[in-house]
Amino acid sequence: MKKKLLSIMLIGILIIGLTGCGNNNAKNDSKASNNNLKENIQVQDDITSNQNDSIEQQNESNTSNINDYYTGTYYMVLADGSLADDGTGTIILNKDKSCTYIYGQSNMGCSSYDVYDHLITLKVSESSTDIYLTLDADNKMLIDANNEKYMRK
């Protein structure tokens, strides 16, 4: 039964295909409709792409503004309140996440840093552990675990 029904349907499709029986206007309407659908999809894709580009630019701008809060050069605050700006206690945080960390006379080999809220983690090669610094509320001073302070100049 199924084979007969399938055979009849196949013969009918072949006849319609060979004789061209069918409404050409319907075919043309279908093609026009498909073209319109494709154009609408392309326009929607372009709009979405433009919106995504705009969002990415806003995110880059926001990240840039956030980076301005903590990037810069910080010098160790000495006991007398002066800054060790002679290079013997310096932390440099760059916008591209690269850094320099000089502790005393030693360059600690700072390769990068991460920021989470006001906690800054320096990745250094001269130590087996990361260096953790807290940025104060004024965004002008870094405080390490030993309570040594580094002030932005």
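Residues numbered from 1 in each chain as written. Predicted model: local features only at pLDDT ≥ 70, side-chain atom pairs only at ≥ 80, totals over all residues. Heavy atoms only, no water.

Let's shift gears to the overall build of the protein. When helices and strands are tallied, the protein shows 2 helices and 9 strands. The proportion of buried residues among the 153 residues of the protein is 19%. Taking as baseline every contact in the protein between residues at least 6 positions apart, the subset at least 24 positions apart corresponds to 30%. (Helix = DSSP H or I, 4+ residues; strand = E, 2+ residues; numbered from the N terminus. Buried < 20%, exposed > 50% of the residue type's maximum accessible area, 1.4 Å probe, protein only. Contact = heavy atoms within 4.5 Å.)

What follows deals with the sheet that holds strand β9 (residues 149-152). Judged by pairing direction, the sheet is antiparallel, and its 9 strands sit side by side in the order β4-β3-β2-β1-β9-β8-β7-β6-β5 without closing on themselves. At either end of the open sheet lies a strand with only one pairing partner, and these are β4 (106-107) and β5 (110-116). By the bridge criterion, 3 bridges tie strand β8 (residues 141-144) to β9 in an arrangement that is antiparallel. Looking across to β9, one finds that Ile 143 is bridged to Lys 149. (Pairing = 2+ DSSP bridges.)

Scanning the entire structure with this criterion turns up 1 disulfide. A sulfur-sulfur distance of 1.7 Å marks the disulfide that ties Cys 99 to Cys 110. Taking the torsion about the sulfur-sulfur bond, which here is approximately -80 degrees, the covalent link between Cys 99 and Cys 110 counts as left-handed. You can see Cys 99 sitting in strand β3 (residues 99-103) and its partner Cys 110 sitting in strand β5, a full 11 residues away along the chain. Taking the relative accessible area as the measure of exposure, Cys 110 reaches 11% and is therefore buried. (Disulfide = S-S within 2.5 Å.)

So, on to the environment of Tyr 70. Within the fold, Tyr 70 resides in helix α2 (residues 24-70). Residues Tyr 70 and Val 115 lie 45 residues apart in sequence; the distance between their C-alpha atoms is 9.0 Å. Excluding residues that lie within four positions of it along the chain, Tyr 70 makes contacts with Leu 93, Lys 97, Tyr 113, Val 115, Ile 120, Leu 135 and Arg 152.

This part covers the confidence of the model for the protein. This prediction gives the protein a mean pLDDT of 75; 60% of its residues lie at or above 70. Note on residues 59-64: pLDDT under 50 across the span, and 1 contact to partners over four residues away in sequence or across chains. (pLDDT = per-residue confidence, 0-100.)

Once that is clear, we can look at the environment of Glu 126. Topologically, Glu 126 is positioned in the loop between β6 (119-124) and β7 (131-135). As for Glu 126 and Ser 106, which are separated by 20 residues in sequence, their C-alpha atoms are 9.1 Å apart. With residues up to four places along the chain from it excluded, the contact list for Glu 126 reads Asn 107, Met 108 and Gly 109.

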